[in-house]
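# A look at the structure
Take a look at the letters that make up each chain.
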Amino acid sequence: MNYYSLNKQAPDSTFENAVVKGLAPDKGLYFPESITPLSEDFFKNLDNLSNTEIAFKTIKQFVSPEIPEDVLKTIVEETLSFEFPVVQLNDNISTLELFHGPTMAFKDVGARFMARCLGYFNKDNDNEVTVLVATSGDTGGAVANGFLGVKGVNVVILYPSGKVSDIQEKQLTTLGQNIKALEVNGTFDDCQAMVKTAFLDESLTNEMQLTSANSINVARWLPQLFYFVFAYKQIYKKYNDIVFSVPSGNFGNVCAGMMAQQLGLPVKHFIASNNANNVVTRYLETALYEPKPSIQTISNAMDVGAPSNFIRIQEIYKNKFETLKENVSSYWFTDEVTRDAMLEIYNNYNYVADPHGAVGYLGSKAYLETNPEAHCVFLETAHPTKFLDVVEDVIKEKQPLPEQIQEVMGKEKVAVKISTYEDLKAFLLNG
């Protein structure tokens, strides 16, 4: 499979090159040159297939022939070493739990898949690759865990000081080895801007090989399509009109769901559920795309004012606004309403949701007001104990810490504080 830049000013790329480079030479995001739908029989018989078989079949065309089938099967098996259960709340709403991995966040799958792909490509290479990544919360921990100890790969994670939860910070600052954390005096947008500047800085890229593990990287982004097929497999014989409500920040996750749709997954509609960082919600209302500085909220992983993956969504729907609106609805919700939803979910269904999942739940309810025949599956993207202060304050119940969280709580934070791009550049060049 070859990939092309969405800026349309760069040569086509192999999958390996797209993974190793992250961005195209013209700084565009890579996109697969073709998407071949799978057979109707494949989707009609999902309940006869394991998650590993489903993942292998759905991702194969995007990585072949550069990763041999036997290697790809191993990568998929190692990536999917945990469950993805759908939990029904009522007749119209279920949740897909994506927090059963090592860092208890949905980004575990993409990070583990990408780390193994990069490890395969680097197995006979003595050159080191530096994975440079900005995080608004869960990406950092997932990338740190996924790449820990991978040969020839150094990881540098930028995160906004005071704007991630205590547990999220512990997960990305306590591992050591090949993982380095930079605590940025600023917002996630500042972190992301520094990363993008680094990729544009030839005086830096001539000295070292940089790649990204944000969802701009095809190996981080594409495996997220697995979730939607896994969920569909569990409920497709029970419900006809299945809709996914996705808490959306950088829009990689909902975009991956749309890729599953392009492969033939019988899902006609998606809900992009936003917090106060609502640039896409407003775009669908006005047809004007106006990125803005991010706003800090209790659903911090969604605090993105300029979502990188939205250009991929536009490409999927051929840059036709009306086609996009046919496939996507979007709603946004304040922190106050999100807290109310967390309490509602707990009181009505005895289910503890994190703030991001609560935004997804609210998106489901909003959609159902005009589409009562649908069954909405909202994505619960992180374990509620990753946002312990908010969750316990809302539901007034002490929450037990899962084993994955307990493991990092007692460890010492190690992070370097930076304020400017020049600080970042000096850190990278000086090791």
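Before going into details, it helps to say that this report is about the structure given with it. In this text the structure is predicted, and so the values were computed from the model without any measurement.

The next subject is the sheet that holds strand E5 (residues 93-97). Strands belonging to one sheet form pairs held by backbone hydrogen bonds; the direction of such a pair is parallel or antiparallel. What the 6 strands build is an open sheet, ordered E4-E5-E13-E10-E11-E12; its pairing is mixed. Each edge of the sheet is formed by a strand with only one pairing partner; in this case those strands are strand E4 (86-88) and strand E12 (328-332). Strand after strand, the sheet turns through a mean of 25° between neighbouring axes, direction not considered. Sheet topology places E4 next to E5; 3 bridges connect them, and they run antiparallel. When the sheet's bridge partners are listed, Val86 is paired in E5 with Leu96. Contacting strand E11 (270-274) and E12, helix H13 (residues 279-286) runs over the sheet at an angle of about 125° to E12.

Glancing now at the sheet that holds strand E7 (residues 153-160). Judged by pairing direction, the sheet is parallel, and its 5 strands sit side by side in the order E9-E6-E7-E8-E14 without closing on themselves. Edge positions in the sheet fall to strand E9 (209-211) and strand E14 (416-418), since each of these pairs with one other strand and no more. Each strand of the sheet is rotated relative to its neighbour by a mean of 30°, with strand direction disregarded.

Turning next to the nonpolar core. Grouped together as the largest cluster of nonpolar side chains are 125 residues, with contacts concentrated most on Phe15, Phe147, Leu158, Phe244 and Leu424. Aside from chain neighbours lying at most four places away, what touches Phe147 is Ala111, Met114, Ala115, Leu118, Val131, Val153, Val155, Asn178, Ile179 and Ala213. Listed in part, the 34 residues of the second largest apolar core include Met302, Ile345, Tyr361 and Ala366.

Conventions used here
- In every chain, residue numbers begin from 1 and rise along the written sequence.
- It should be noted that, the model being predicted, local features are given only for residues of pLDDT at least 70 and side-chain atom pairs only at 80 or more, the latter also being counted only at that level, while totals for whole chains, interfaces and linings use all residues.
- Water and hydrogen atoms play no part in the side-chain values, which are based on all heavy atoms of the structure.
- DSSP bridges decide pairing: two strands pair if at least two such bridges lie between them.
- Here a helix means four or more residues in a row that DSSP labels H or I, a strand means two or more in a row labelled E, and each is numbered from the N terminus.
- Angular values range over 0 to 180 degrees, each being the angle between N-to-C directions of two axes fitted as lines to C-alpha atoms, with helices fitted over their stretch in contact.
- Two residues form a contact once any of their heavy atoms are found within 4.5 Å.
- Note on terminology: a nonpolar core comprises buried Ala, Val, Leu, Ile, Met, Phe, Trp, Tyr and Cys residues joined through side-chain atoms within 4.5 Å.
- Each residue's exposure class comes from its accessible area (1.4 Å probe, protein chains only) as a fraction of the maximum for that residue type: buried when under 20%, exposed when over 50%, partly exposed otherwise.

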